[in-house]
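Read off the chains here:
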Amino acid sequence: MGLERIGAAIAAGAASAVERLCAETAENARALCPVESGELKASIAAAVSEGTGSVSAGAGHAAYVELGTFQKEARPFLWPAFAMTKEKAADEIAHEIRNALREG
């Protein structure tokens, strides 16, 4: 296997893991999200592009719920969801890279 193929296999494996981890984080955030109208929960989405990913809540009041205000206590859902998946992220990425190298 040439260096170009190794690089491509590593990128493909990492991208696959990042996509799966972001989807799992978004799912965890939806499960942890406090629900009043459902708008906040419905606004949680994962986005992946070129091997990097993010999970966000697009509702206008998302930051107020996550971080709290002077009048309301914080009810975090994004940060705990991230914490649930970050512990296994390195292992998942390494596993996917190994699989991609074996297949390549």
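Residues numbered from 1 in each chain as written. Predicted model: local features only at pLDDT ≥ 70, side-chain atom pairs only at ≥ 80, totals over all residues. Heavy atoms only, no water.

Asks: So what exactly am I meant to see when it comes to the nonpolar core here?
Replies: Across soluble globular proteins, nonpolar side chains show a tendency to be buried alongside one another. In terms of nonpolar packing, the biggest core is built from 11 residues, these being Ala26, Ala29, Cys33, Leu40, Ile44, Ala57, Ala59, Ala62, Val65, Phe77 and Ala81. Of all the secondary-structure elements, those providing two or more residues to this core are α1 (3-32) and α3 (62-67). Beyond its immediate stretch of four places on either side in the chain, Val65 contacts Pro34, Leu40, Ala74, Arg75, Pro76 and Phe77. (Core = buried A, V, L, I, M, F, W, Y, C linked by side-chain atoms within 4.5 Å. Buried < 20%, exposed > 50% of the residue type's maximum accessible area, 1.4 Å probe, protein only. Helix = DSSP H or I, 4+ residues; strand = E, 2+ residues; numbered from the N terminus. Contact = heavy atoms within 4.5 Å.)

Asks: Just to check I follow, could you spell out the pattern of salt bridges for this structure?
Replies: Where side chains of opposite charge bring their charged atoms close, a pairing between them can arise. If you walk through the whole model with that rule in mind, you get four salt bridges. Of the charged contacts, one joins Arg20 and Glu96 as a salt bridge, the two residues approaching to 3.1 Å between their closest N and O atoms. Of this pair, Arg20 sits in helix α1 while Glu96 is found in helix α4 (residues 78-103), placing the two residues 76 residues apart along the sequence. Its relative accessible area of 34% is what places Arg20 among the partly exposed residues. Residue Lys88 is joined to Glu24 by a salt bridge in which the shortest nitrogen-to-oxygen separation is 2.7 Å. With Lys88 in helix α4 and Glu24 in helix α1, this residue pair connects regions lying 64 residues apart in the sequence. You can call Lys88 partly exposed: its relative accessible area is 30%. (Salt bridge = Lys/Arg side-chain N within 4 Å of Asp/Glu carboxyl O.)

Asks: What should I look at first to understand the side chain of Glu66 in this one?
Replies: Its location among the elements puts Glu66 in helix α3. A distance of 2.8 Å separates a polar side-chain atom of Glu66 from the backbone nitrogen of Leu78. The contact partners of Glu66, leaving out residues within four places of it in the chain, are Ala74, Arg75, Pro76, Phe77, Leu78, Trp79 and Pro80. (Polar contact = N/O pair within 3.5 Å; in protein donor to acceptor, adjacent residues only side chain to side chain.)

As far as function goes, none of this settles anything; it's purely spatial.
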